[in-house]
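Notes for the structure review
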Amino acid sequence: IIPLKPGYERIKIAPLATDRLDWLDVKYNSRQGEVCVKWSHNGGEVDYEIITPCETEIVIDGNSYTVGKGEYRFKGNVVKSDGEKCQRLGLHGLCG
C-alpha cells in the first residue's frame, strides 16, 4: 500500500503472492479510510480481494487498473520463490 498523493488521497496497491505464503490479510487505516488487501491461493491461481476508500492504482501480475472507492476482486498467478520472475522483480530475499 503506497501513497501516491499526500494524505492517501490516491494510493497504489501492488500485492505479490509468492509460494512462500498461502495467504495474506492486511488492513491499513489511512486518512481516507480503511484499506484492505487479502489474497490466498492453493498452488497456482490467486484470489485477491481489495477494498479501497479512494482512487487507487491496483497492479496485479503487471497489469494496472485505476479504480475508485469500492471493493474489487481479481485473479492472478503465484510467483514461484525460486523462479526467474521473482528474481526479475528484485525480490532476492523472498526467493529462497
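Scroll up for the structure.
Residues numbered from 1 in each chain as written. Predicted model: local features only at pLDDT ≥ 70, side-chain atom pairs only at ≥ 80, totals over all residues. Heavy atoms only, no water.

Remarks on the overall build of the protein chain
The secondary structure content of the protein chain amounts to one helix and eight strands. When its helices and strands are written in sequence order, the protein chain yields β-β-β-β-β-β-β-β-α. Buried positions account for 34% of the 96 residues belonging to the protein chain. The contacts in the protein chain between residues at least 6 apart in sequence include a share of 41% that link residues at least 24 apart. (Helix = DSSP H or I, 4+ residues; strand = E, 2+ residues; numbered from the N terminus. Buried < 20%, exposed > 50% of the residue type's maximum accessible area, 1.4 Å probe, protein only. Contact = heavy atoms within 4.5 Å.)

Here's the deal with a nonpolar patch on the surface
On the surface, a nonpolar cluster with roughly 360 Å² of combined accessible area is contributed by Ile-1, Leu-21, Leu-24, Val-26 and Tyr-28. For Leu-21, a relative accessible area of 42% gives the class partly exposed. (Patch = residues over 30% accessible without salt bridge, like charges linked within 9 Å, V, L, I, M, F, W, Y side chains within 5 Å. Areas by Shrake-Rupley, 256 points an atom, 1.4 Å probe, with all protein chains shown as cover. Salt bridge = Lys/Arg side-chain N within 4 Å of Asp/Glu carboxyl O.)

Concerning the packing of aromatic side chains
Taken as a whole, this structure holds two aromatic pairs when the rule is applied. Ring centres of Tyr-8 and Tyr-28 lie 5.1 Å apart, and the angle between their planes is 35°; this geometry places the pair in the tilted category. Of this pair, Tyr-8 sits in the loop between β1 (2–3) and β2 (10–13) while Tyr-28 sits in strand β3 (residues 23–30); the two residues are 20 residues apart in sequence, bridging distant segments of the chain. Given the relative accessible area of 17%, Tyr-8 is considered buried. Accessibility expressed as a relative area gives 34% for Tyr-28, which makes it partly exposed. (Phe/Tyr/Trp six-rings, centres within 6.5 Å; stacked < 30°, edge-to-face > 60°.)

Description of the pairing of β3
Examined bridge by bridge, β3 and strand β4 (residues 33–41) share eight bridges and lie antiparallel to one another. Looking at the pairing, Tyr-28 lines up with Val-35 of β4. What sits between the antiparallel neighbours β3 and β4 is a turn of two residues. (Pairing = 2+ DSSP bridges.)

Regarding the nonpolar core
Counting residues in hydrophobic clusters, the biggest one holds 16 residues, and the most contacted among them are Ile-11, Ile-13, Val-46, Tyr-48, Ile-50, Ile-58 and Phe-74. At the level of secondary structure, the elements contributing two or more residues to this core comprise β2, β4, β5 (45–52) and β6 (55–60). Contacts of Ile-13, omitting those with residues within four sequence positions, involve Ile-1, Val-35, Val-37, Ile-50, Thr-56, Glu-57, Ile-58 and Val-59. (Core = buried A, V, L, I, M, F, W, Y, C linked by side-chain atoms within 4.5 Å.)

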